[in-house]
Amino acid sequence: VYVVHNPGELRLEAVIVVRFVGRKRKPLSDAERIERLRSQLDEAEIMLKLGLHPNLVAIRGICLLRNMHEQAGVDNLYVFMDYVEEGMTLTGCLKELHMHTETKAQLALHVAQGLDHIRKCFPNLEFIHWDVKPDNILVECARNDGTLTPQTAKVGDFGLAMTTAYASPETIYGFGSERAAQTQHQWSWATTFLEVLIGKRSWETHTEAVVELQRQLEFVPHLGDNDGNLFLACLRICDRCMRPEPA
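Residues numbered from 1 in each chain as written. Predicted model: local features only at pLDDT ≥ 70, side-chain atom pairs only at ≥ 80, totals over all residues. Heavy atoms only, no water.

Draft legend 1. Representation of helix 3 (residues 101-121) in the model. The first and last C-alpha atoms of helix 3 sit 30 Å apart over 21 residues, in line with the 30 Å expected at 1.5 Å per residue. Among the residues making up helix 3, those that are buried are T101, K104, L107, A108, H110, V111, G114, L115, H117 and I118. (Helix = DSSP H or I, 4+ residues; strand = E, 2+ residues; numbered from the N terminus. Expected span 1.5 Å × (residues − 1). Buried < 20%, exposed > 50% of the residue type's maximum accessible area, 1.4 Å probe, protein only.)

Draft legend 2. Highlighting the side chain of K104. Position of K104 among the secondary structure elements: in helix 3. Judged by its relative accessible area of 12%, K104 falls in the buried class. When neighbours within four sequence positions are excluded, K104 is seen to be in contact with M99, F193, V196 and L197. (Contact = heavy atoms within 4.5 Å.)

Draft legend 3. Structural view of empty space enclosed by the protein. Applying the stated criterion to the full structure yields 1 cavity of 30 Å³ or more. When its volume is computed, the largest cavity comes out at roughly 40 Å³. Together, L90, K104, L107, A108, V111, W189, T192, F193 and V196 line the largest cavity. Listing elements by their share of the lining of the largest cavity, those giving two or more residues are helix 3 and helix 5 (178-198). (1 Å grid on protein atoms, 1.4 Å probe; cavity = no way out; pocket = protein on both sides within 12 Å on 5 of 7 lines; lining within 4 Å. Points joined across faces, edges and corners; volume = space filled by probe spheres on them.)

Draft legend 4. Focus on the sheet that holds strand 6 (residues 137-144). Ordered in space as 5-6-7, the 3 strands form an open sheet in which the pairing is antiparallel. A strand with exactly one partner marks an edge of an open sheet, and here the two such strands are strand 5 (88-89) and strand 7 (147-155). Across 8 bridges, strand 6 lies against strand 7 in antiparallel orientation. The residue bridging E140 from the neighbouring strand is T152, located in strand 7. The sheet contacts of helix 3 involve strand 6 and strand 7, and relative to strand 7 the element is tilted by about 25 degrees. (Pairing = 2+ DSSP bridges. Axes fitted to C-alpha atoms, helices over the stretch in contact; angles between N-to-C directions.)

Here is the structure:
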């Protein structure tokens, strides 16, 4: 990934380059090019359909460009995306930053708004983000007096991978089914939010996630202050989302 500066719009962009040369720097065959391109183009198509949204990682453009340093006839694929200079993943925020419950709840709201936009763009469930998790959420941060403060969360990585620790029971037992598509966003959002609230993930399966949530609900300290009350309220939201009928 490279970073370029667009002076006309005063915007930094991240450029992902897919190279079409093999290990011996020879041009790939048409079949090899198609195979290497398939997943990137599928993901880029989804991102272009989603358009620009403050809580989704956006794609600005995609093109094939001739690389003058390679052998004649070799083009590389360039994908232009927003670049966040002071950004990190939500996983990185949990490891490196101290966040109050209010900040965590705000970031969770941003993720929910991004997922809601996906649902509106694909009302018939043609596309579902199967892998919502802290690693796939980018957080824009502001630096004040040397301290990073989380500002905005953006959902990214629109491939078709799936991490079982954040997958709903319907997804585990019926991946690709209509019921799985209906439940995956709410479940993965809830397990992501749960991890953010408690600061780490202690589960590998959906049943273990439910056990951890119930343990937190049972033993959460009733501090009586605003942060403690908000923490408990957030846990109850996760609990509601992880029920068979959350509405």
